[in-house]
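# Summary of the model geometry
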Amino acid sequence: MSNGQHGLFISLSIKRFPCTIKQLDLQNIDKKRLNAMGATHQQRFWILVSLVAISGFSQGMLLPLIAIIFEKDGLSSTINGLNATGLYLGILFISPFMEAPLRRYGYKPIIAAGGLLVIVSLALFPLWKSVVFWFVLRLFIGIGDHALHFGTQTWITSSSPADKRGRNISLYGLFFGIGFAVGPLMTPLIEINQALPFMISSALCLLTWVFLFLIKNEFPLQGVEVNSLKETAKRFSKAAKYAWIAFLPPFGYGFLESSLNGSFPVYGLRIGLQVEFISLLLTSFAVGAIVFQLPLGILSDKFGRKLILGWILSIGAVTFFTASLLEDTAIPLVACLFIAGMVVGSTFSLGISYMTDLIPTRLLPTGNLLCGIAFSIGSLAGPYIGGTFIQFFHHVSFFNIISGMLGFIFILLFVFGQKMPMQQKTSENL
């Protein structure tokens, strides 16, 4: 075939099969768009979990730091525990009003407003050392943290495919756990200057918060509901009907986290432990949670959330009971806290994944809100019960409270978990 004939053949082929060539071009364009969307999604995911890590850092630092400051000032353990509830009262106060702004303005403004409130509140702690003033600041941090976590949790759960949901929420929990593990290590800085830990935490929050403006805002799946308090209450009722059993693990983790970080430092000082060793125990628990956060999430994708939750709750109850028998031995006690962290450190993230499995897609924002409320109720109960226990039960180990609570949730999950049906997301019509 001559060059002229070859050119004529190509020209005729193009005229004859124009749709095929256009389809190939469209396929290439679609691939490029999909790659770009995938990159954007990944960028957004890592920015969100980084924000969560810094939030975990500030929470992990704040609870033991203020507990030790007040204990050294001679404040009673009950008042000390009550002051720690400010964070969780803030969560409860703002929860009924959080869903409507999220649906109206999208994820990014809610997360940005929450992060800014945390940054400012942390920076104000050194301004005036007062039980009442610090309680109010903790209240504002609770509001800000809840806005941040509610936005990030809902964004991640709604955009994650079912076969990767456990993995993604576990990464969320992993980064929070990393921050929470580093937080207590700031406590010894009060020997240099009491303001130093607060200022470091505020600066780190600000540095991470800036990256939020690199991602594009999105909105949750919209239903036909009116955004009134009455309709919000109806959605709460529907979500509780579908997934109430999944709210128990976040409740248990809230109780565990707040009592361990808010009341245990007081208990530790009273039984003769050094501040540095208390910080090490809390860090060992948090590091244990980091080690198994992702593997447990992947296992829950493969074997189911309920089965994995049952195992970790039962092992956690046994481990904390063992810790109550080993308070006088340093290395075994550190080992117990580390193992406990490995198993029960994932109860919050697995609870969210379990809730997402059980609940219709349009109710995901409501389900995430209720997980946050359950967590805050547990967190409110933890410091108060822990502080009262320390004050009145001098010869009973603090770890027995946590062990009993985990065992109780395991029994409820074992008895009622079988009756909770998995939802078909695509066919659910609310």
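All values reported here derive from a predicted model rather than from experimental measurement.

We now examine the overall build of the protein. Helix and strand content of the protein: 18 helices and 0 strands. Looking at the protein as a whole, 54% of its 430 residues qualify as buried. Within the protein, counting contacts between residues at least 6 apart in sequence, those at least 24 apart form 86% of the total.

A word on the packing of aromatic side chains. Tallied over the entire structure, the rule returns 22 aromatic pairs. Here a set of aromatic residues connected by ring pairs shows up, and it is made of F264, Y267, F285, F320, F398 and F399. In this structure, K241 is placed above the aromatic ring of Y242, and the distance from its NZ or CZ to the ring centre is 5.1 Å.

By the element assignment, S300 lies in helix α13 (residues 275–303). On the basis of relative accessibility, which here comes to 2%, the residue S300 falls in the buried class. A distance of 2.7 Å separates a polar side-chain atom of S300 from the backbone oxygen of G297. Beyond its immediate chain neighbours, meaning those up to four positions away, S300 contacts G166, R305, I308 and L350.

With that settled, consider the nonpolar core. Ranked by internal contacts, the top residues of the largest apolar core, which has 118 residues, are W134, L256, L260, F264, F320, L337 and M355. Sort the elements by how many residues they give to this core and helix α2 (residues 18–72) lands first, with 16 residues. Contact partners of L256, with chain neighbours within four places excluded, come to F285, F320, V344, I402 and M405.

Right, let's get into the packing of helix α6 (residues 107–124) against helix α9 (residues 196–209). Relative orientation of the contacting elements α6 and α9 amounts to 160°, with a least axis distance of 8 Å. Put simply, α6 runs roughly antiparallel to α9. Our pair here, α6 against α9, has a crossing hand that is left-handed. In this structure, α6 uses A112, G115, L116, V118, I119, L122 and A123 to contact α9, whose residues at the interface are F198, M199, S201, S202, C205, L206 and W209. Each residue belonging to the contact of α6 with α9 can be placed in one class, and the counts come to 11 nonpolar, 3 polar and no charged.

With the rule as written, the count across this model stands at 5 salt bridges. Ionic pairing is found between E191 and K72, a salt bridge with its closest N-O pair at 3.4 Å. Of the two residues, E191 is situated in the loop between α8 (165–182) and α9 and K72 in helix α2; the sequence distance between them amounts to 119 residues. Exposure remark for E191: the relative accessible area of 56% places this residue in the exposed category. Among the salt bridges present, the one from R305 reaches D301, with a minimum N-O distance of 2.7 Å. For R305, a relative accessible area of 6% gives the class buried.

In a regular helix each residue adds 1.5 Å, so 12 residues correspond to 16 Å; helix α16 (residues 347–358) covers 16 Å between its end C-alpha atoms and thus fits that length. Most of α16 is tucked away, with 12 of its 12 residues classed as buried. Among all positions of α16, only T347, F348, S349, L350, G351, I352, S353, Y354, M355, T356, D357 and L358 are buried.

Here we come to the side chain of T187. Topologically, T187 is positioned in the loop between α8 and α9. Non-local contacts of T187, meaning those with residues more than four positions away in its chain, are made with P64, L65, I68 and V275.

This brings us to the environment of L174. When you line up the elements, L174 lands in helix α8. The buried category is assigned to L174, whose relative accessible area is 13%. C-alpha separation for the pair L174 and Q293, spaced 119 residues apart in sequence, amounts to 5.5 Å.

What follows deals with the packing of α16 against helix α17 (residues 364–392). Two elements in contact, α16 and α17, have axes separated by 10 Å at closest approach and are oriented at 150°. For the element pair α16 and α17, the recorded crossing hand is right-handed. For the pair α16 and α17, contact is made by F348, I352, M355 and T356 and by L364, G367, N368, C371 and F375, respectively. Here the contact of α16 with α17 is composed, by residue class, of 6 nonpolar, 3 polar and no charged.

Let's shift gears to a nonpolar patch on the surface. On the surface, I79, L82, V131, V132, V136, F140, Y384 and I385 cluster together into a nonpolar patch covering about 630 Å² of accessible area. Of all the elements in the fold, those that place two or more residues in the nonpolar patch are α3 (77–84), α7 (131–159) and α17. No other element matches the 4 residues that α7 contributes to the nonpolar patch.

Turning our eyes to something else, we now look at the confidence of the model for the protein. This prediction gives the protein a mean pLDDT of 80; 86% of its residues lie at or above 70. This stretch, residues 7–39, has a pLDDT under 50; its non-local contacts, to residues over four places away or in other chains, come to 2 contacts.

Cut-offs used in this document
Residues numbered from 1 in each chain as written. Predicted model: local features only at pLDDT ≥ 70, side-chain atom pairs only at ≥ 80, totals over all residues. Heavy atoms only, no water. Helix = DSSP H or I, 4+ residues; strand = E, 2+ residues; numbered from the N terminus. Buried < 20%, exposed > 50% of the residue type's maximum accessible area, 1.4 Å probe, protein only. Contact = heavy atoms within 4.5 Å. Phe/Tyr/Trp six-rings, centres within 6.5 Å; stacked < 30°, edge-to-face > 60°. Lys NZ or Arg CZ within 6 Å of the ring centre and 35° of its normal. Polar contact = N/O pair within 3.5 Å; in protein donor to acceptor, adjacent residues only side chain to side chain. Core = buried A, V, L, I, M, F, W, Y, C linked by side-chain atoms within 4.5 Å. Axes fitted to C-alpha atoms, helices over the stretch in contact; angles between N-to-C directions. Parallel < 35°, antiparallel > 145°, perpendicular 65-115°, else oblique. Left-handed = near helix turned anticlockwise from the far one by under 90°. Nonpolar A, V, L, I, M, F, W, Y, C, P; charged D, E, K, R; others polar. Salt bridge = Lys/Arg side-chain N within 4 Å of Asp/Glu carboxyl O. Expected span 1.5 Å × (residues − 1). Patch = residues over 30% accessible without salt bridge, like charges linked within 9 Å, V, L, I, M, F, W, Y side chains within 5 Å. Areas by Shrake-Rupley, 256 points an atom, 1.4 Å probe, with all protein chains shown as cover. pLDDT = per-residue confidence, 0-100.

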